[in-house]
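So you can see what is in the structure, the chains are spelled out below.
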Amino acid sequence: MERHHGLKTRVIRALFYLYPELIQRTKSTIPFENEPYCLEGARCVLMWHRVIKTSWNFYFKFQKYTGQLCSYIAARHDENCDVDLYNGFNDIDHNPDRGCITLQVSCLNFIAVPMVMGMILNKVYLNVGQEMRHHRLRLQFGSLRSKHASSRIDSANTIMLTLDPVSNVRVFQWWDPKYPAHTYR
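What counts as what
- Residues numbered from 1 in each chain as written.
- Predicted model: local features only at pLDDT ≥ 70, side-chain atom pairs only at ≥ 80, totals over all residues.
- Heavy atoms only, no water.
- Phe/Tyr/Trp six-rings, centres within 6.5 Å; stacked < 30°, edge-to-face > 60°.
- Helix = DSSP H or I, 4+ residues; strand = E, 2+ residues; numbered from the N terminus.
- Buried < 20%, exposed > 50% of the residue type's maximum accessible area, 1.4 Å probe, protein only.
- Contact = heavy atoms within 4.5 Å.
- pLDDT = per-residue confidence, 0-100.
- Core = buried A, V, L, I, M, F, W, Y, C linked by side-chain atoms within 4.5 Å.

1. Focus on the packing of aromatic side chains
The way to describe two aromatic rings as a pair is by their centre distance and the angle between their planes.
Thought 1: Enumeration according to the criterion identifies four aromatic pairs in this entry.
Thought 2: When the centroid spacing of 5.0 Å and the interplanar angle of 10° are considered together, the rings of Trp48 and Tyr59 count as stacked. Highlighted residues: Trp48 in strand β1 (residues 43–52) and Tyr59 in strand β2 (residues 55–63), separated in sequence by 11 residues.
Thought 3: Under the relative-accessibility criterion, Trp48 is labelled buried at 15%.
Thought 4: With a relative accessible area of 5%, Tyr59 lands in the buried category.

2. Let's talk about the side chain of Thr102
Thought 1: If you trace the backbone, Thr102 turns up in strand β3 (residues 100–107).
Thought 2: Since its relative accessible area comes to 0%, Thr102 is described here as buried.
Thought 3: Non-local contacts of Thr102, meaning those with residues more than four positions away in its chain, are made with Trp48, Tyr59, Phe60, Lys61, Arg170, Val171, Phe172, Tyr179 and Pro180.

3. Remarks on the confidence of the model for the protein
Thought 1: Of all residues in the protein, 72% have pLDDT values of 70 or greater, and the mean over the chain is 78.
Thought 2: Throughout residues 69–77 the model reports pLDDT below 50, and contacts reaching past four residues in sequence, or to other chains, amount to six contacts.

4. Things to note about the nonpolar core
Thought 1: Core analysis: the biggest nonpolar cluster contains 25 residues, and Phe60, Phe62, Leu103, Leu137, Leu139, Phe141 and Leu163 have the highest contact counts within it.
Thought 2: Of all elements in the fold, only β1, β2, β3, β4 (120–128), β5 (135–142) and β6 (158–173) reach the threshold of two or more residues within this core.
Thought 3: Per-element tally for this core: the top contributor is β6, with five residues.
Thought 4: Those residues in contact with Leu139 that lie beyond four places of it in its chain are Phe60, Leu103, Leu121, Lys123, Val124, Ile159, Met160 and Leu161.

This is how it looks when you write it as structure tokens:
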């Protein structure tokens, strides 16, 4: 075998393509099956959009806060630890998308979206849209993570992103076959 780098990640993703029980877990049968409320408290690390036929898909890639630095960054800050970049290419556990979740929002028309990369998603509101035919998704981003659900968030450091009309919302984990792993690279 010539390439060991990221082998574990590729095997896990391949299992979701081949193993019938895992394939059933990722099949979505109805719109809005995955609710975006699980993303609260995550940091938006990337955003992009793409037009597909007659709808616009907006993508937001979130990183859940784990409190740990990646091994390379942690090793750079430790004087006793030497980083061997050559052997790092043989790291079978390498996964740049570890802990990442992508939110895909399908809208009927283009909406100007403000830049929210680097901000933390504080609150998600999914309700009926203005025309009562589709949904409206409101995402409240802030620069600080709120400690308690009842705490007040400083409105000067927040951005309220409203997407209306929304036809579908999907949440993809890094191992999902529909996760857009290489579309933005």
